[in-house]
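Next come the chains, spelled out residue by residue.
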Amino acid sequence: MTSPRILVLGTGGTIAGAGSGATGAAYRPGGLALEVLVGHLAALGLDAKLVSQEIARIGSQDIGFAEWQALHAACAAALADPAIAGVIITHGTDTAEETGFLLDLTLPSPKPIVLVGAMRPADAVGADGMRNFANAVKVASDPAAAGRGVMLVMGDAVLSARDARKAATSAIDAFRSFPRGPLARVTPASLDWFGSPHRAGEGARYAFPERLPRVAILTAGAGMDEQPVEALLGIGCKSVVLAGMGQGNAPASVIAALSQAAARGVPVVRSSRVDEGIVDRNVEVDDDALGLVAARALGPAKARMLLMVLVANGITDAAEVQAAFDGA
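First things first, this report covers the structure right here in the doc.

A tally of regular secondary structure across the protein chain gives nine helices and 16 strands. Taken over the C-alpha trace, the protein chain has a radius of gyration of 20 Å; the compact-globule value for 328 residues is 20 Å, and the two agree within 12%. A principal-axis box enclosing the C-alpha atoms of the protein chain has dimensions of 60 × 45 × 35 Å. Burial status across the protein chain gives 52% buried among its 328 residues.

Below is the structure:
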């Protein structure tokens, strides 16, 4: 039986990080070339043929449109290539949820696309990168992984990109899955799926943008006023995500300013700065009267990503934007 051919796209991050010593805290993300990581993985004797393509060698805090555009193009080409069974993207954990969600929104799902990262650099004591990488190969090689959208593999868990959130700054189990739980549990020797593919037969939900509009996240705080809203609109923000208190709340003057922006055709989405929870419509805030959108299960980072894609695709009507968030 022929080993599956897996395309590995490298962007850098902690999984490719190199430090000054095995017990030190400081390190440089992306310090190791992708071919070095792939070479280490190949030495484990996994049943897969890995083909590498380096996109970038940066920390994921610096990931932007150019890298997303290159990743999308490489993934689309791999999906169309019958010789490629799946794709793995090595990625820093800080923005893995944003990259994963953008690709999930703009790619079909006939083959597995898996993001993988690490919380400890490659040369640290107890480095987790090689185990996560081996697990990602296990997932990307499995035909049953198709139709599940873009996934993130970390800490022996397979998470959907639509649900994965980084919830800890440095713990090995830094990612949580909300509102749905993990798709599977994985080790280098085993893979157990918890349900059937939820995106089988689906195409891309949105076109990949030619450019991404400026969308801001405004974090609410006690005692703040409306001036930050006015400042964001003044620098050309095409839409705003409120990272609000509780169920997406903010001081009355801030809500009023956001409502005025919505009345001028600027989509405004209320999300929550709380780590988990649903932001419902018309609870403390009268969304119907104010023209605002409730983010539902999406946190601020993912709400911003979806909003950028929607605006880029010409979807700005509040009702249409709300429908997109309801279905996310």
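Each strand in a sheet pairs with its neighbour through backbone hydrogen bonds, running either in the same direction (parallel) or in the opposite one (antiparallel). Pairing is mixed in the open sheet, where eight strands are placed in the order β4-β1-β5-β6-β7-β8-β11-β12. Among the strands making up the open sheet, the edge pair consists of β4 (49-58) and β12 (190-193). Between one strand axis and the next, the sheet turns through 25° on average, direction left out of account. In this structure, strand β6 (residues 113-116) lies alongside strand β7 (residues 150-154), joined through four bridges in parallel fashion. Across the sheet, the residue bridging to valine 116 is valine 153, located in β7.

A turn of α-helix holds 3.6 residues, and therefore any two residues three or four places apart point the same way. With 13 residues, helix α8 (residues 300-312) extends 18 Å from end C-alpha to end C-alpha; this agrees with the ideal 18 Å at 1.5 Å per step. When you tally the buried positions in α8, you get eleven out of 13 residues, the bulk of the element.

So, about the nonpolar core. Counting residues in each nonpolar core, the largest one holds 28 residues, and the members touching the most others are Ile88, Phe133, Val139, Met151, Val158 and Trp193. When residues of this core are traced back to their parent elements, those giving at least two are β1 (5-12), α1 (34-42), β6, α4 (129-140), β7, β11 (184-187) and β12. Per-element accounting of this core gives the leading share, six residues, to α4. Not counting the four nearest positions on each side in its chain, phenylalanine 133 is found in contact with Val8, Ile15, Leu37, Val38, Leu41, Ile88, Thr90 and Val116. Counting 26 residues, the second largest nonpolar core, distinct from the first, contains Ile63, Leu105, Leu212 and Ala303.

Moving on to the environment of leucine 103. Within the secondary structure, leucine 103 is located in helix α3 (residues 96-106). Residue classification places leucine 103 among the buried positions, given a relative accessible area of 0%. Separated by 58 residues in the primary sequence, leucine 103 and alanine 161 have C-alpha atoms spaced 8.7 Å apart. Apart from residues lying up to four places away in sequence, leucine 103 is in contact with His72, Ile89 and Val150.

Every regular strand shows the same layout, with side chains that alternate between the two sheet faces. Counting buried positions over the five residues of strand β5 (residues 86-90) gives five, a clear majority of the element. Of the two faces of β5, the one lined by Gly86, Ile88 and Thr90 and the one lined by Val87 and Ile89 are each fully buried. Bridge count between β1 and β5: five bridges; the pairing is parallel. Within the sheet, the bridge partner assigned to valine 8 lies in β5 and is isoleucine 88. The pairing of β5 with β6 spans four bridges and is parallel.

A few words on unusual backbone geometry. The residue after phenylalanine 178, namely proline 179, is reached through a cis peptide bond having omega 5°. We note that aspartate 156 has phi near 65°; this positive angle belongs to a residue other than glycine. With respect to the helices, strands and loops of the structure, aspartate 156 is situated in the loop between β7 and β8 (157-160). What makes aspartate 156 partly exposed here is its relative accessible area of 21%. The backbone of arginine 296 sits at a positive phi, close to 60°, despite the residue not being glycine.

Here we come to the sheet that holds strand β16 (residues 293-294). Pairing is parallel in the open sheet, where four strands are placed in the order β13-β14-β15-β16. Where the open sheet ends on each side, the last strands, each with one partner, are β13 (215-219) and β16. With five bridges connecting them, strand β14 (residues 239-244) and strand β15 (residues 268-272) associate as parallel partners. Paired with valine 241 across the two strands is valine 269, which belongs to β15. Relative to β14, α8 is tilted by about 165°, and along the sheet it contacts β13, β14 and β15.

Scoring rules and cut-offs
Residues numbered from 1 in each chain as written. Predicted model: local features only at pLDDT ≥ 70, side-chain atom pairs only at ≥ 80, totals over all residues. Heavy atoms only, no water. Helix = DSSP H or I, 4+ residues; strand = E, 2+ residues; numbered from the N terminus. Rg over C-alpha atoms; globule rule 2.2 N^0.38 Å. Buried < 20%, exposed > 50% of the residue type's maximum accessible area, 1.4 Å probe, protein only. Pairing = 2+ DSSP bridges. Axes fitted to C-alpha atoms, helices over the stretch in contact; angles between N-to-C directions. Expected span 1.5 Å × (residues − 1). Core = buried A, V, L, I, M, F, W, Y, C linked by side-chain atoms within 4.5 Å. Contact = heavy atoms within 4.5 Å.

Read these as geometric descriptors, not functional statements.
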